[in-house]
Structures are given as structure tokens and as C-alpha cells.
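Descriptive structure summary
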Amino acid sequence: MDDVKIGEILLPGDEDTRERREEQVRAKFWPTLKRAVRYVPFSRDLVAAYYCAIDPRTPARVRGVLLAALAYFVLPLDFIPDFFVLAGFTDDVAVLATAFRMIQGHIADRHYEAADQALADDPELRADPSK
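1. Considering the side chain of D55
Within the element layout of this structure, D55 appears in the loop between α3 (43–53) and α4 (60–74). Looking at D55, the relative accessible area reads 7%, which means it is buried. When residues no more than four places from it in sequence are discounted, the contact partners of D55 are R63, R110 and H111.

2. A short note on the nonpolar core
Of all hydrophobic cores here, the largest spans 40 residues; its most connected members are F29 and L46. Broken down by secondary-structure element, the contributors of at least two residues to this core are α1 (3–9), α2 (15–36), α3, α4, α6 (90–102) and α7 (109–121). Per-element tally for this core: the top contributor is α4, with 11 residues. In this structure, F29 is in contact with L46, V47, Y50, L70, F73 and V74, ignoring residues within four places of it in sequence.

3. Thoughts on α7
Helix length check: α7, at 13 residues, gives a terminal C-alpha distance of 18 Å against a target of 18 Å (1.5 Å per residue), a fit within 8%. Of the residues making up α7, those classed as buried are H111, Y112, A115, A118 and L119. Here the buried residues of α7 occupy an arc of 125 degrees about the axis, which is enough to place them on one side. Exposed and oriented more than 90 degrees from the buried face of α7 are D109, E113 and D121. The secondary structure elements touched by the buried residues of α7 are α2 and α3.

4. With respect to the confidence of the model for the protein chain
With 80% of its residues at a pLDDT of 70 or more, the protein chain shows a mean pLDDT of 82. Note that residues 78–86 has pLDDT below 50 and, in this model, 19 contacts with residues that lie over four places away or in other chains.

5. Some details on the packing of α3 against α4
Following both chains from N to C, one finds α3 and α4 inclined at 130 degrees, their axes separated by 9 Å at the closest point. Comparing the axis directions of α3 and α4 gives the class oblique. Remark: the crossing between α3 and α4 carries left-handed chirality. Counted together, L46, A49, Y50, C52 and A53 of α3 and V62, R63, L66, L67, L70 and F73 of α4 form the full contact between these two elements. Of the residues that constitute the contact of α3 with α4, the class distribution is 10 nonpolar, no polar and 1 charged.

6. Some thoughts on the environment of V47
On the secondary structure map, V47 appears in helix α3. Linking V47 and L70, residues 23 residues apart in sequence, is a C-alpha distance of 9.9 Å. Beyond its immediate chain neighbours, meaning those up to four positions away, V47 contacts F29, W30, L33, A115, A118 and L119.

7. Here's the deal with the pattern of salt bridges
The tally for this structure, following the rule as stated, stands at 7 salt bridges. The partner of R26 in a salt bridge is E22, and the shortest N-O contact between them spans 2.9 Å. With R26 and E22 both in helix α2 and 4 residues apart, the pair spans about one turn of that helix. Overall, R26 belongs to the partly exposed group, its relative accessible area being 42%. On the accessibility criterion, E22 (16% relative accessible area) is buried. Taking the shortest distance from any N to any O, the salt bridge between D122 and K34 comes out at 3.0 Å. Of this pair, D122 sits in the segment after α7 while K34 sits in helix α2, and the two are 88 residues apart along the sequence. Look at D122 and you get buried, because its relative accessible area is 17%.

About the thresholds
Residues numbered from 1 in each chain as written. Predicted model: local features only at pLDDT ≥ 70, side-chain atom pairs only at ≥ 80, totals over all residues. Heavy atoms only, no water. Helix = DSSP H or I, 4+ residues; strand = E, 2+ residues; numbered from the N terminus. Buried < 20%, exposed > 50% of the residue type's maximum accessible area, 1.4 Å probe, protein only. Contact = heavy atoms within 4.5 Å. Core = buried A, V, L, I, M, F, W, Y, C linked by side-chain atoms within 4.5 Å. Expected span 1.5 Å × (residues − 1). Arc of directions from axis to C-beta. pLDDT = per-residue confidence, 0-100. Axes fitted to C-alpha atoms, helices over the stretch in contact; angles between N-to-C directions. Parallel < 35°, antiparallel > 145°, perpendicular 65-115°, else oblique. Left-handed = near helix turned anticlockwise from the far one by under 90°. Nonpolar A, V, L, I, M, F, W, Y, C, P; charged D, E, K, R; others polar. Salt bridge = Lys/Arg side-chain N within 4 Å of Asp/Glu carboxyl O.

Below, the structure is given as C-alpha cells:
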């Protein structure tokens, strides 16, 4: 993936686009994360980004970028299909990492606290399932 494609994916979009993406992300985020948790090296950041994206206090542009990245993560159409387990999430990781760099500093402590709670509450999302 080159920077131009990632840049196109991460366009915040207008209000209608953000609303559509938010619906898609809310519906598909948790099931997708459960399938990918072993392959995404930054699950805590990903869950915090989810909470930041759905937080109405987050600036619209930041929400738009995060929703675009998260929609790319949850939707089945991408450059490398996710059913190719190890390679399938590499493009998702690249898009998410770029989005995180673009909005650095907007994911607040409250988002990380919510992420920590969600990860602690769901055994399928824990890095170490024995805990």
C-alpha cells in the first residue's frame, strides 16, 4: 500500500459519510476485533481509538479519520482479504497506524480507561487467555 491509497482511505468525509461509517463500525467492530486480536499488535490502542471515534467530544475531523480507519478494519473489502490470516490484517494495521499518527494526542485517558475495561471484561479479547 502506498501513501496515496492510505491517504484516500483516511479522508474524514462529510457528516453523512461519518454517520454511515459510525453505524458500520458500531455494528462490526467487536466481532472483527475478536477475530483479529491475535494478529493486531496494538489492540489496546485500537479499542481506545474506537471509543475516541464514538465520543461526541472528539473533534469532527478526528472522528472522521478514526471512523474511516475503523471502517476499513471492519469491512470485508480491502486490499488483502482478512481470511489470509497473517497477511490479511497487515493492510488494516498500516491504515490504523497511519490514522493514529494523524490524530496523535486526541485519544484521551478516558478512551484508554474504557479500552482497558473492555479488554479486561471480555476473555476473548485478552492477550493472555489464561487470565
